[in-house]
Amino acid sequence: MASIGSEHAPRPVWRSSWRLSSSVPWGEQINSAVARAHALFADGSDSSLVRRLAGAAFIIRVASAAIAFVSQILLARWMGSFEFGIYIYAWTWVLLIGGMADLGLASAAQRFIPEYTEHKKFALLRGFLRGSRWLALIISSAVAGAGALAIWLLSPHLAPETIVPLYLSCPMLAMFALWQVQGGIARSYNWVNLGLSPVYVLRQLMLLVLMGLAYAFGFPTDAVTATIVGVITLFTVGIGQLGILNRRLAGAVEGGPRAYAPRAWLAVSTPIFVVEAFYLLLSYSDIIILQQYRPANEVAIYYAAVKTLALVAFIYYSVAQTIAHKFAEYHVAGDRKRLTAFVKQSVQLTFWPSLAAIVLLLVFGRPLLRLYLSLIHISEPTRQAEI
């Protein structure tokens, strides 16, 4: 059975031959623990591969959450909670619409790449690797144009301070959709860092640095500036990811003719799009609705609370986003036994860590939220009312 890109999966840095002398206190116990850890993550099996991939994705998301925690504090101080709330409102629209604009092609990549590889349909594989990205870019550009038209038509009913940030957010939709498809392709080859790091880590760091420079040099640090910086950072990391991905694919897939099957691709991706659209609506519609009824600074407070609770979802995301292509690989190969075992293992990798994370949030979530609100100088009566 073909295995996709496993040679690029993150691997532990320790050596299996490393051992402590038995004369060292607790030496044998430490050696036994190291051996068990090595067996879990580096025994060459699909199980260890899944743990490494999911672990890498989880680390990226946790790092992203830590950066977001710091950046939200700094942005709220530099911008003020009102302008920060407007920026969050515009960015939430990008997350919502941009998450749908690829029509599910990012997830479909983890179905078609294993299938074409397993059946040696390399012309279709090469066609999908290029065509899916162009298809997503064309569709999302049309969506961005429709979004700009909708803003123009609805501008009499929108808060004046939100109109310019919303217009500026439209170009991000195309790049966001392209990044999603590129991420799906990268994860299908087990290139987790390439698939997730550009937007979740690098973009946030660039945003923080550029907004810090704007603040230091006396430029306006309002929602318009933050959105412009957001456009710059998203396009920068998206184009950088495009170049690196193309270079890696050139080494992983032999050159040759391309075949395109856009109808087949969309026939599979559209049902995925419907499911993902409902998930995105559940995830982001609250921010959008709240903006219509409450001041922007209260939206910023609510956003902080929601992001604190969202830490639990990182575990599910880490597992789902990194191993979906393995389900397709086993299904296409007709390996029912390994597929069943893989499903069971995936459930365990999701449930038990999520349960532990919920317990930790019950203990530390409230103090963490209070710390955040105090650092952005929200008054005590407002905090008590919101908490």
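> So what's going on with the overall build of the protein chain? Which residues, and what values?
What the protein chain contains, in helices and strands, is 13 helices and 0 strands. Of the regular secondary structure in the protein chain, the N- to C-terminal order runs α-α-α-α-α-α-α-α-α-α-α-α-α. The buried share among the 387 residues of the protein chain stands at 45%. Accessible surface, the protein chain: about 18900 Å² in total, of which carbon and sulfur atoms supply 68%.

> Give me unusual backbone geometry: which residues, what numbers.
Note: most peptide bonds trans; most residues except glycine with negative phi. Phi is positive for L103, close to 55°, though the residue is something other than glycine. Residue classification places L103 among the partly exposed positions, given a relative accessible area of 25%. The backbone phi angle of N190 is positive, close to 65°, even though this residue is not glycine. Turning to its location among the elements, N190 is positioned in the loop between α6 (160-188) and α7 (192-216). With a relative accessible area of 1%, N190 lands in the buried category.

> So, the nonpolar core: which residues are in play, and what are the values?
Within soluble globular proteins, side chains that are nonpolar tend to cluster in buried spots. F84, Y87 and M211 are the most contacted members of the largest nonpolar core, which has 55 residues in total. Among the secondary structure elements, those contributing two or more residues to this core are α2 (46-79), α3 (81-100), α5 (122-154), α6, α7, α8 (223-252), α9 (262-293) and α10 (296-309). Per element, the largest residue contribution to this core is 11 residues, and it comes from α3. Residues L135, I185, W191 and L194 belong to the second largest nonpolar core, which totals 23 residues.

> So what's going on with the confidence of the model for the protein chain? Which residues, and what values?
The pLDDT averaged across the protein chain works out to 82; a share of 81% of its residues lies at or above 70. Of the regions scoring below 50 in pLDDT, residues 5-18 engages in 25 contacts with residues more than four places distant in sequence or in other chains. This stretch, residues 378-387, has a pLDDT under 50; its non-local contacts, to residues over four places away or in other chains, come to 15 contacts.

> Give me the pattern of salt bridges: which residues, what numbers.
Taken as a whole and assessed by the stated rule, the structure comprises 2 salt bridges. A salt bridge links R338 to D335; the shortest N-O distance between them is 3.8 Å. Take R338: its relative accessible area is 35%, and that puts it in the partly exposed class. Here D335 falls in the partly exposed class, since its relative accessible area comes to 21%.

> Can you break down the packing of α6 against α7 residue by residue, with the values?
Between α6 and α7, the shortest axis-to-axis distance is 7 Å and the interhelical angle comes to 145°. Counted together, W179, G183, A186 and R187 of α6 and L194, G195, L196, V199 and Y200 of α7 form the full contact between these two elements.

> Go over the packing of aromatic side chains, please, and point to the residues and values.
By the definition in use, this model includes 10 aromatic pairs. A ring pair is formed by F351 and W352, whose centres lie 4.9 Å apart and whose planes are at 80°; its orientation type is edge-to-face. These aromatic residues form a ring-pair network of at least three members: F112, Y116, F128, Y260 and W265. Cation over ring: R111 sits above F112, and NZ or CZ is 5.3 Å from the ring centre.

> A description of the environment of P271 should follow, citing residues and the corresponding values.
If you trace the backbone, P271 turns up in helix α9. Separated by 163 residues in sequence, P271 and A108 have C-alpha atoms that sit 9.9 Å apart.

> Which residues make up α3, and what values do they have?
The end-to-end C-alpha distance of α3, which contains 20 residues, comes to 28 Å, matching closely the 28 Å that a straight helix rising 1.5 Å per residue would cover. Most of α3 sits out of view: 15 of its 20 residues are buried.

> Which residues make up α7, and what values do they have?
Taking 1.5 Å of rise per residue, the 25 residues of α7 would be expected to cover 36 Å, and the 35 Å separating its terminal C-alpha atoms lies within 8% of that figure. A maximum bend of about 50° is found in α7 at P198. Immediately downstream of α7, the backbone of G218 shows phi near 80°, a positive value.

> An account of the side chain of T162 is needed here, citing residue identities and associated values.
Mapping T162 onto the fold places it in helix α6. Judged by its relative accessible area of 3%, T162 is buried. There is a polar contact of 2.7 Å between the side chain of T162 and the backbone oxygen of A159. If we ignore the near neighbours within four places in the chain, the residues touching T162 are I86, Y89 and Q291.

> Which residues make up the environment of L368, and what values do they have?
Along the polypeptide, L368 turns up in helix α12 (residues 336-375). Its relative accessible area of 32% is what places L368 among the partly exposed residues. Along the sequence, L368 and A305 sit 63 residues apart, while their C-alpha atoms lie 9.4 Å from each other.

> Residue-level account of a nonpolar patch on the surface, with values.
The grouping of V343, V347, F351, W352, L355, I358, V359, L360, L362, V363 and F364 at the surface amounts to a nonpolar patch, some 1100 Å² of accessible area in total. Tracing the sequence through the fold places F364 in helix α12. On the basis of relative accessible area, F364 is assigned to the exposed category, the value being 52%.

About the cut-offs
- Residues numbered from 1 in each chain as written.
- Predicted model: local features only at pLDDT ≥ 70, side-chain atom pairs only at ≥ 80, totals over all residues.
- Heavy atoms only, no water.
- Helix = DSSP H or I, 4+ residues; strand = E, 2+ residues; numbered from the N terminus.
- Buried < 20%, exposed > 50% of the residue type's maximum accessible area, 1.4 Å probe, protein only.
- Areas by Shrake-Rupley, 256 points an atom, 1.4 Å probe, with all protein chains shown as cover.
- Core = buried A, V, L, I, M, F, W, Y, C linked by side-chain atoms within 4.5 Å.
- pLDDT = per-residue confidence, 0-100.
- Contact = heavy atoms within 4.5 Å.
- Salt bridge = Lys/Arg side-chain N within 4 Å of Asp/Glu carboxyl O.
- Axes fitted to C-alpha atoms, helices over the stretch in contact; angles between N-to-C directions.
- Phe/Tyr/Trp six-rings, centres within 6.5 Å; stacked < 30°, edge-to-face > 60°.
- Lys NZ or Arg CZ within 6 Å of the ring centre and 35° of its normal.
- Expected span 1.5 Å × (residues − 1).
- Bend = angle between axes of the 7 residues up to and from the residue.
- Polar contact = N/O pair within 3.5 Å; in protein donor to acceptor, adjacent residues only side chain to side chain.
- Patch = residues over 30% accessible without salt bridge, like charges linked within 9 Å, V, L, I, M, F, W, Y side chains within 5 Å.

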